[in-house]
Amino acid sequence: MIDCENGCLVDKPLGVAGQLSLRLLLVSTPLGPLGSGRGGGVELTLLNLWTALTEQGHQVQVIAPRHSQGPRPDIIEVEGCPPVPAQTQSRTSPILLPAHSLVAQMWEQVNGMQSEYDLIVNFAYDWLPFYLTPFLQRPIAHLVSMGSLTDAMDQIIGQVATRYPWTVGMHTQAQADTFTFAEHCYCVGNGFDLSIYDFADRSEPYLCWIGRIAAEKALEDAAAAAMRAGLPLKVMGHVADPAYLEKIQQTYPAGVIEYLGFLETSAMQGILRHSRGLLVTPRWVEAFGNVVIEALACGVPVIAYRRGGPAEILQDGKTGWLVEPDSIDGLTEAIQKLAQIDRRACREQAEQNYSLEVFGQRIEGWFQKILQVSASDL
Ligand code: HBI
């Protein structure tokens, strides 16, 4: 695993084409149009990278499902039937490809255009792009958006990672460690447009919890800890499982949690920025944890289970508190210590490690590593 901080190539060697500008073809998740939210965090990652790589002087083209929206109108839109979401499958589920498969249509498009590009970048957590890798004439950088979910996906991703070292990118070491081939993966972290988050150096007496509302996110733990700490919990996010939210709202007296809906970023950060702290309570291994960076960018300390991406991002005692996974006592004790955290240090960590510029440089280093290795194979 090449580490984010040390993996970047300091002496930027000239790219394969003899100059730093690369011709990049970004292929989006087939789960939903860019801007629809159905593609989850990976939509934001692709749109942010599009901006960062363009500003670094690269030529970027995007292939995405029909009705996608982006910073430029020239998205190549493809029609077809979306795949089943990978996180709904069981470990032994076979790979399913519907008739008129959208991911197949997208890679037909890639096959026809590849000669005009130096590198193809895959954002889909789907079997086909990995399987097609040896058949295409251009190197492919695969940015994997989740941890290990099914045997069939593990097998095909591992096949590419071992045969084409460093071409499989992961957001964190914790995410890579859920696979058996972590040592062949390249860590890229993540990056955000921090200009849309406003630093707040004072807080009001409430906590926040933000995310997709479903069992694997364990909102009930945050509600229990907030009640014990005597602070109301403001909840924002898409309700993936209405019965699950209903059950929690019935369990706790009115005033303990307040569900505010799924808010777009500026409204969401307007509430987040004045909170005492953000509670992050995942039951599963989060690949990264975008909300952690959004909180730090506002100067809000984060309390998180010592599990997955958030545990790798947070600086325990400096920008937040890490607690024993699934421990309500641990969360409650950490809430009492939030005032010890310097809110300015939170914003500074976001600026140093997770700005768009820093992320764009890490990704550029990754691409150059891939192109150097593939050039030496010629
Ligand atoms: N499922 N089949 C499939 N393909 C994806 O690209 C995919 C997914 N599930 C979730 C997902 N992508 C993104 O929301 C990730 O950001 C989590």
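Residues numbered from 1 in each chain as written. Predicted model: local features only at pLDDT ≥ 70, side-chain atom pairs only at ≥ 80, totals over all residues. Heavy atoms only, no water.

## Here's the deal with the site of the ligand
So, step 1. What surrounds the ligand is a group of 17 residues, the closest being T29, G39, A86, Q87 and D126.
So, step 2. Measuring from an oxygen atom of the ligand, one finds a backbone N or O atom of G39 at 2.7 Å.
So, step 3. Within the side chain of D126, a nitrogen or oxygen atom sits 2.7 Å from a nitrogen atom of the ligand.
So, step 4. Here the ligand loses 90% of its free accessible area of 400 Å² to cover by the protein chains.
So, step 5. Grouping the amino acids of the shell around the ligand by side-chain chemistry returns 10 nonpolar, 6 polar and 1 charged. (Near = heavy atom within 4 Å. Polar contact = N/O pair within 3.5 Å; in protein donor to acceptor, adjacent residues only side chain to side chain. Areas by Shrake-Rupley, 256 points an atom, 1.4 Å probe, with all protein chains shown as cover. Nonpolar A, V, L, I, M, F, W, Y, C, P; charged D, E, K, R; others polar.)

## Looking at the sheet that holds strand β13 (residues 320-323)
So, step 1. Taken together, the 6 strands give an open sheet; going across it, the order is β10-β9-β8-β11-β12-β13, and neighbouring strands pair in parallel fashion. At either end of the open sheet lies a strand with only one pairing partner, and these are β10 (257-259) and β13. The mean angle between the axes of side-by-side strands here comes to 25°, regardless of whether they run parallel or antiparallel.
So, step 2. Relative to strand β9 (residues 233-236), strand β8 (residues 207-210) runs parallel, the two sharing 4 bridges. Its bridge partner lying in β9, I210 is registered against M236.
So, step 3. Along the sheet, helix α7 (residues 219-229) makes contact with β8, β9, β10, β11 (277-280) and β12 (302-305), crossing β9 at roughly 160°.
So, step 4. Contacts from helix α10 (residues 290-297) reach β8, β11 and β12 within the one sheet, and its direction differs from that of β11 by about 170°. (Pairing = 2+ DSSP bridges. Helix = DSSP H or I, 4+ residues; strand = E, 2+ residues; numbered from the N terminus. Axes fitted to C-alpha atoms, helices over the stretch in contact; angles between N-to-C directions. Contact = heavy atoms within 4.5 Å.)

## Describing the pairing of strand β5 (residues 140-143)
So, step 1. Where burial is concerned, the two faces of β5 agree: the one with I140 and H142 and the one with A141 and L143 are both buried.
So, step 2. By the bridge criterion, 3 bridges tie strand β4 (residues 119-122) to β5 in an arrangement that is parallel. Note that in β5 the partner of I120 across the bridge is I140.
So, step 3. With respect to chirality, the unit in which β4 leads through helix α4 (residues 127-132) into the neighbouring parallel β5 is right-handed.
So, step 4. Note that β5 and strand β6 (residues 168-170) share 2 bridges and pair parallel. Across the sheet, L143 pairs through a bridge with G169, a residue of β6. (Buried < 20%, exposed > 50% of the residue type's maximum accessible area, 1.4 Å probe, protein only. Right-handed = clockwise from strand over helix to strand, strands pointing away.)

## Brief notes about the side chain of H171
So, step 1. When you line up the elements, H171 lands in the loop between β6 and α6 (173-176).
So, step 2. Taking the relative accessible area as the measure of exposure, H171 reaches 6% and is therefore buried.
So, step 3. At 2.6 Å, the side chain of H171 forms a polar contact with the backbone oxygen of G189.
So, step 4. Discounting residues that sit within four places of it in the chain, H171 has contacts with T45, L143, V144, S145, C187, V188, G189, N190, A287 and F288.

## Structural notes on the domain arrangement of the protein
So, step 1. When its domains are assigned, the protein resolves into domain 1 (5-191 + 355-376) and domain 2 (194-353).
So, step 2. Relative placement of domain 1 and domain 2: their C-alpha centres are 29 Å apart.
So, step 3. At the interface, 17 residues of domain 1 touch 13 residues of domain 2.
So, step 4. Both sides together, the interface formed by domain 1 and domain 2 hides about 1,100 Å², and carbon and sulfur atoms give 60% of it.
So, step 5. The three residues of domain 1 that bury the most area against domain 2 are T172, N190 and S355, which together make up 35% of that side's buried surface.
So, step 6. Inspection of the domain 1/domain 2 interface yields 0 salt bridges.
So, step 7. Here domain 1 and domain 2 share 5 residue pairs in polar contact (both at pLDDT 80 or more) between them.
So, step 8. Looking at the side of domain 1 that touches domain 2, the elements that each hand over two or more residues are α6 and α14 (356-376).
So, step 9. Broken down by element, the side of domain 1 that touches domain 2 gets its largest block of residues, 3 residues, from α6. (Domains from an automatic or database assignment. Buried area = accessible area lost by both parts, 1.4 Å probe. Salt bridge = Lys/Arg side-chain N within 4 Å of Asp/Glu carboxyl O.)

## Here we look at the environment of T172
So, step 1. Positionally, T172 belongs in the loop between β6 and α6.
So, step 2. Linking T172 and L260, residues 88 residues apart in sequence, is a C-alpha distance of 30 Å.
So, step 3. Residues in contact with T172, not counting those within four places in the same chain, are C187, A287, F288, G309 and E312.
So, step 4. Within the structure, the side chain of T172 is placed 3.1 Å from the backbone nitrogen of Q175, a separation counted as a polar contact.

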